[in-house]
Amino acid sequence: MFAPMRYEERDRRPKEIPNLIFGIHAVLEALDSGKEINKIIVQKGLQKSDEVEQILKVARNRNVPVQQVPRENSLFPYGKNHQGVLAFISPVTYHKLENILPQLFEEGKVPFILVLDRITDVRNFGAIARSAYCGGVHAIVVPDTGAAQVTDDAVKTSAGALLKIPVCRESNMKTVMELLNQSGLATVACTEKANKHLPFADLSGPIAIILGSEEDGISNDIIRRASQITKIPMEMGVGSLNVSVAAGIAIYETVRQRMM
């Protein structure tokens, strides 16, 4: 008879995680082939070899986040020869905002961009993307660290919208704001700190709507660079809205004004 599997052994059975690759050579090959990588995980205390150093160098050059975790981290598949290195492959190819904007103007479109500052919940991200796609947003901008990336869960929550709408992963959000302002877009920050209500802002021209994290909203650095600061009108006694709900309201207020 087989002995029953102990609890700790059951817990460490390998789990299939979509778009996960493991092993030094597999990760290095993915980087060299130009695959989009959301994040690389490296075990703490891993002995540095030429290959590991090359992974870290290429990751830095491509602005791919690298996270160090303890050896016991459950992400490392039990019984697999992961060599202390994992990578999460993105299901989409990321774009650059500096390429998207000129293309929109050349095609005679009125740019409608959504900037998400440090939104970390993949379900919020997916729900926002779904509303953005339905509302005619041309691109979504996210930071490359400290925010939800395009994962299978995010794609599923977006009902596939993240496979259809360009996502720009940028390393410097201050530079993003400067580019938007210099390109003639109104940069409209939606924040509870504002006095002006969203419906009184002019959203009919080239525009970038900015929404902030679930915890503390839009960072002060971005608010200072916004051309307009607005808030969604709410009844007294309601503190705040879920960010995906707020995004839907802001997107469709923009659609409403553009249809007038």
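What you are looking at is a predicted structure, and each value in this text was computed from that prediction instead of being measured. (Residues numbered from 1 in each chain as written. Predicted model: local features only at pLDDT ≥ 70, side-chain atom pairs only at ≥ 80, totals over all residues. Heavy atoms only, no water.)

Enquirer: Before we go on, may I ask you to explain the layout of surface pockets in this structure?
Expert: Here the idea is plain: a probe the size of a water molecule rolls over the atoms and shows the empty space left. What the largest pocket holds in volume is close to 580 Å³. For the largest pocket, the lining is made up of 24 residues, of which Cys190, Thr191, Glu192, Ser240 and Leu241 are closest to its centre. Among the elements of the structure, strand 10 (207–212) and helix 9 (243–259) are those that each provide at least two residues to the lining of the largest pocket. Here the residues of the lining of the largest pocket are counted per class, giving ten nonpolar, eight polar and six charged. (1 Å grid on protein atoms, 1.4 Å probe; cavity = no way out; pocket = protein on both sides within 12 Å on 5 of 7 lines; lining within 4 Å. Points joined across faces, edges and corners; volume = space filled by probe spheres on them. Helix = DSSP H or I, 4+ residues; strand = E, 2+ residues; numbered from the N terminus. Nonpolar A, V, L, I, M, F, W, Y, C, P; charged D, E, K, R; others polar.)

Enquirer: For this particular structure, what's the right way to read the sheet that holds strand 4 (residues 85–89)?
Expert: Sheets are built from strands that pair by backbone hydrogen bonding, the pairs being arranged parallel or antiparallel. Read from one edge of the open sheet, four strands run 1-4-2-3, paired in mixed fashion. Only two strands of the sheet have a single partner each, and these edge strands are strand 1 (20–22) and strand 3 (66–69). When the angles between neighbouring strand axes are averaged without regard to direction, this sheet yields 25°. Judged from the four bridges that link them, strand 2 (residues 37–43) and strand 3 form a sheet pairing that is parallel. Within strand 3, the residue paired with isoleucine 41 across the bridge is glutamine 67. Along the sheet, helix 2 (residues 24–32) contacts strand 1, strand 2 and strand 4; its crossing angle with strand 4, the most-contacted strand, is approximately 35°. Across the sheet, helix 3 (residues 50–61) touches strand 2, strand 3 and strand 4, and the angle it forms with strand 2 is around 145°. (Pairing = 2+ DSSP bridges. Axes fitted to C-alpha atoms, helices over the stretch in contact; angles between N-to-C directions. Contact = heavy atoms within 4.5 Å.)

Enquirer: Please explain the pattern of salt bridges as it appears in this structure.
Expert: All told, the structure shown has eight salt bridges when counted by the stated rule. Where glutamate 170 meets lysine 96, a salt bridge forms, and the shortest distance between an N and an O atom there is 3.1 Å. With glutamate 170 in strand 7 (residues 167–170) and lysine 96 in the loop between strand 4 and helix 4 (97–106), this residue pair connects regions lying 74 residues apart in the sequence. Salt bridges linked by common partners bring Asp117, Arg118 and Asp216 together as one network. (Salt bridge = Lys/Arg side-chain N within 4 Å of Asp/Glu carboxyl O.)

Enquirer: Would you take a moment to explain the sheet that holds strand 9 (residues 196–197) for this structure?
Expert: Taken in spatial order, the seven strands of this open sheet run 7-6-5-10-8-11-9, and their pairing is parallel. At either margin of the open sheet sits one strand with a lone partner, and together these are strand 7 and strand 9. As paired strands, strand 8 (residues 186–190) and strand 10 are joined by four bridges and run parallel to one another. When the bridges of strand 10 are listed, valine 188 appears paired with isoleucine 209.

Enquirer: For this particular structure, what's the right way to read the packing of helix 5 (residues 122–134) against helix 9?
Expert: For any two helices packed against each other, the geometry is given by the interaxial angle and the distance between the axes. Relative orientation of the contacting elements helix 5 and helix 9 amounts to 10°, with a least axis distance of 9 Å. Relative to helix 9, helix 5 is oriented roughly parallel. Residues Asn124, Ala127, Ile128, Ser131, Ala132 and Cys134 of helix 5 form the contact with helix 9, whose participating residues are Val243, Ser244, Ala247, Gly248, Ile251 and Tyr252. Its residues placed into classes, the contact of helix 5 with helix 9 shows eight nonpolar, four polar and no charged. (Parallel < 35°, antiparallel > 145°, perpendicular 65-115°, else oblique.)

Enquirer: Would you mind going over a nonpolar patch on the surface with me for this structure?
Expert: Residues Met234, Leu241, Val245 and Ile249 make up a contiguous nonpolar surface patch of roughly 280 Å² in combined accessible area. Topologically, leucine 241 is positioned in the loop between strand 11 (228–231) and helix 9. Residue leucine 241 is classed as partly exposed on the basis of its relative accessible area, which comes to 34%. (Patch = residues over 30% accessible without salt bridge, like charges linked within 9 Å, V, L, I, M, F, W, Y side chains within 5 Å. Areas by Shrake-Rupley, 256 points an atom, 1.4 Å probe, with all protein chains shown as cover. Buried < 20%, exposed > 50% of the residue type's maximum accessible area, 1.4 Å probe, protein only.)

Enquirer: Help me understand helix 3 in this model?
Expert: Given 3.6 residues per turn, any residue in an α-helix points the same way as the ones three and four places further on. Taking 1.5 Å per residue as the helical rise, helix 3 with its twelve residues ought to reach 16 Å, and the 16 Å between its terminal C-alpha atoms agrees with that figure. For helix 3, the full list of buried residues reads Val52, Ile55, Leu56, Val58 and Ala59. For helix 3, the buried positions fall inside an angular range of 165° around the axis, keeping them on one side. Turned more than 90 degrees away from the buried face of helix 3, the exposed residues are Asp50, Arg60 and Asn61. Contact partners of the buried residues in helix 3: helix 2, strand 2, strand 3 and strand 4. Looking one or two residues beyond helix 3, the residue adopting positive phi is asparagine 63, at roughly 55°. (Expected span 1.5 Å × (residues − 1). Arc of directions from axis to C-beta.)

Enquirer: For this particular structure, what's the right way to read the pairing of strand 8?
Expert: On a regular strand, each side chain points to the face opposite its neighbour's, so the side chains alternate between the two faces of the sheet. Within strand 8, five of the five residues are buried, which leaves the element mostly enclosed by the surrounding structure. Because side chains alternate across strand 8, one face comprises the buried residues Ala186, Val188 and Cys190, and the other comprises Thr187 and Ala189, equally buried. Relative to strand 11, strand 8 runs parallel, the two sharing three bridges. Paired with cysteine 190 across the bridge in strand 11 is threonine 230.

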